[in-house]
Amino acid sequence: MRVSIFGLGYVGAVSAACLAQDGHQVIGVDLNPKKVKLIQDGVSPIVEASVGDMISKSVASGTLTATTDTTEAILNSDISLICVGTPSYGNGSLDLSHVHDVCEKIGIALQGVSKFHVVVARSTMLPGSMRGLVIPTLQEASGKRAGIDFGVCNNPEFLREGSAVYDFYNPPKTVIGETDDRSGDMLADLYKGLDAPMIRTDVETAEMVKYTDNVWHALKVGFANEIGAICKSCNVDGHRVMEIFCQDTKLNLSPYYLKPGFAFGGSCLPKDLRALTYMARQRDVLIPILDSVIPSNDRHLKRGLDLVLAAGNKKVSVLGYSFKAGTDDLRESPIVELIERLLGKGYDIRVYDRNVKIASLIGSNRDYILTHVPHIAALMVDSIETALEHAETVVIGNACEEFRDVAKRVSADKAVIDLVRIDESLVSSGHYEGICW
């Protein structure tokens, strides 16, 4: 395939080297004539293992060239990768001026192109940048329509400095955010030799995946360091603790707990988090990440409350109010807290949960409901039908199988607030509102 790569910095140079080595005809494009001259001379403009040798061989074989001329590159390629920088301003916002400028130049060059050319953004940009900046700029400059006259994709990169060539050929995933099937097909063909999951999605999701990955990596580093600091204060080997922690691939290093939904609760997580952060404070160990978890959880509970309030209906039925499906445990259930706050605002509430029955509660569960939430016990109804009949707003509080078709059973004049995504096919629209989707 004939590929032009705009921006010969880290991502662009690595991409050019790897694609040219694979036999694609690659044209590197950069405004900096020094970078272009380096490529033309077979020299890498960056320091990265193996890239120098790959560029030298590809230039010698004729699969890699470089230019400062955008029109030349566009006319002699079928697909263009935008790899220019997106640095931060002082306030944290992104400087997308380089992206705008290169899109404008590509758009002007597309005026003289009759074939279907695909423009692919690899630069890291926040969700909305493709439709808010990239596509409008390309269309305005070219006078053509995205998805019809030319293609557009978002293709986040997952390259680590020091192991970029390995990462290019062994990616954890290949993500293609596409505006149309034709564009996605052409880009997928570029990566057809890679042994990695190929994920094709919308451009906004692709944009967000890159940020989610990087923020998660940063959070992991910060989490491990804070655990290590607490361990140090207790004369415990933090490395050994985290080695054992990482051996759990069922819960700790897994998709478990990483699905957006409602706030956490129950008899363990809140209690143990409070205990550990209290001990850290006693030892004068500052742990801002761990200290922020409970406030973050409280803020998410308020998001759920705000959705119910925004529906504007005083009659509310809550389906499932144990802290998770398949249990009758109400201790620190965020759904119970939600109900309490609604009651405090004068809402007419009914609650239904077949797993929570006063007669069968024993021990700490019975004590909790009779001591802490007897007023909620009085609101319980015996059937889901009774709850739905009462409701103007239905709140799905946990993922009990019994609630799976509720959103489709409820008439359009009733609001449905889903805190667990009871049905994966549902997205917020009409009378249905998901807390994170």
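For clarity, every value in this text was computed on a predicted model and none was experimentally measured.

Trainee: Describe the sheet that holds strand β3 (residues 64–67), and please don't skip the residues or the numbers.
Mentor: One open sheet accounts for eight strands, arranged β3-β2-β1-β4-β5-β6-β7-β8; its pairing is mixed. In the strand order of this sheet, the two ends are held by β3 and β8 (198–201), each with one partner. Pairwise comparison of adjacent strand axes, ignoring direction, gives a mean angle of 25° for this sheet. Bridge count for strand β5 (residues 117–121) against strand β6 (residues 150–154) is five bridges, and the pairing is parallel. Considered in β6, the bridge of Val 119 is made with Val 152.

Trainee: Requested: an account of the packing of aromatic side chains, with residues and values cited.
Mentor: For the coordinates displayed, the defined rule picks out four aromatic pairs. Plain terms: the ring middles of Phe 168 and Tyr 169 are 5.3 Å apart, the flat faces sit at 80° to each other, and that makes the pair edge-to-face. Take Tyr 169: its relative accessible area is 23%, and that puts it in the partly exposed class. Cation over ring: Arg 182 sits above Phe 116, and NZ or CZ is 3.9 Å from the ring centre. One residue, Lys 314, lies across the ring of Tyr 347, its end atom 4.2 Å from the ring centre.

Trainee: I'd like to hear about empty space enclosed by the protein, residue by residue, with values.
Mentor: Left-over empty space is what a probe sized like a water molecule reveals as it rolls over the atoms. This model, assessed by the stated rule, comprises one cavity of 30 Å³ or more. Looking at the largest cavity, its volume works out to about 120 Å³. Around the largest cavity, the lining comprises 14 residues; the ones closest to its centre are Arg 122, Phe 168, Pro 171, Lys 173 and Thr 174. Of the residues in the lining of the largest cavity, the class split is eight nonpolar, two polar and four charged.

Trainee: Which residues make up the nonpolar core, and what are the values?
Mentor: Ranked by internal contacts, the top residues of the largest apolar core, which has 49 residues, are Leu 319, Tyr 321, Phe 403 and Val 406. Per-element accounting of this core gives the leading share, five residues, to helix α14 (residues 334–344). If we skip the residues at most four places from it in the chain, Phe 403 touches Leu 319, Gly 320, Tyr 352, Ile 384, Ile 396, Asn 398 and Ile 422. If you look at the next biggest cluster of nonpolar residues, it comprises 39 residues, including Ile 5, Cys 83, Phe 116 and Leu 190.

Cut-offs applied
- Residues numbered from 1 in each chain as written.
- Predicted model: local features only at pLDDT ≥ 70, side-chain atom pairs only at ≥ 80, totals over all residues.
- Heavy atoms only, no water.
- Pairing = 2+ DSSP bridges.
- Helix = DSSP H or I, 4+ residues; strand = E, 2+ residues; numbered from the N terminus.
- Axes fitted to C-alpha atoms, helices over the stretch in contact; angles between N-to-C directions.
- Phe/Tyr/Trp six-rings, centres within 6.5 Å; stacked < 30°, edge-to-face > 60°.
- Buried < 20%, exposed > 50% of the residue type's maximum accessible area, 1.4 Å probe, protein only.
- Lys NZ or Arg CZ within 6 Å of the ring centre and 35° of its normal.
- 1 Å grid on protein atoms, 1.4 Å probe; cavity = no way out; pocket = protein on both sides within 12 Å on 5 of 7 lines; lining within 4 Å.
- Points joined across faces, edges and corners; volume = space filled by probe spheres on them.
- Nonpolar A, V, L, I, M, F, W, Y, C, P; charged D, E, K, R; others polar.
- Core = buried A, V, L, I, M, F, W, Y, C linked by side-chain atoms within 4.5 Å.
- Contact = heavy atoms within 4.5 Å.

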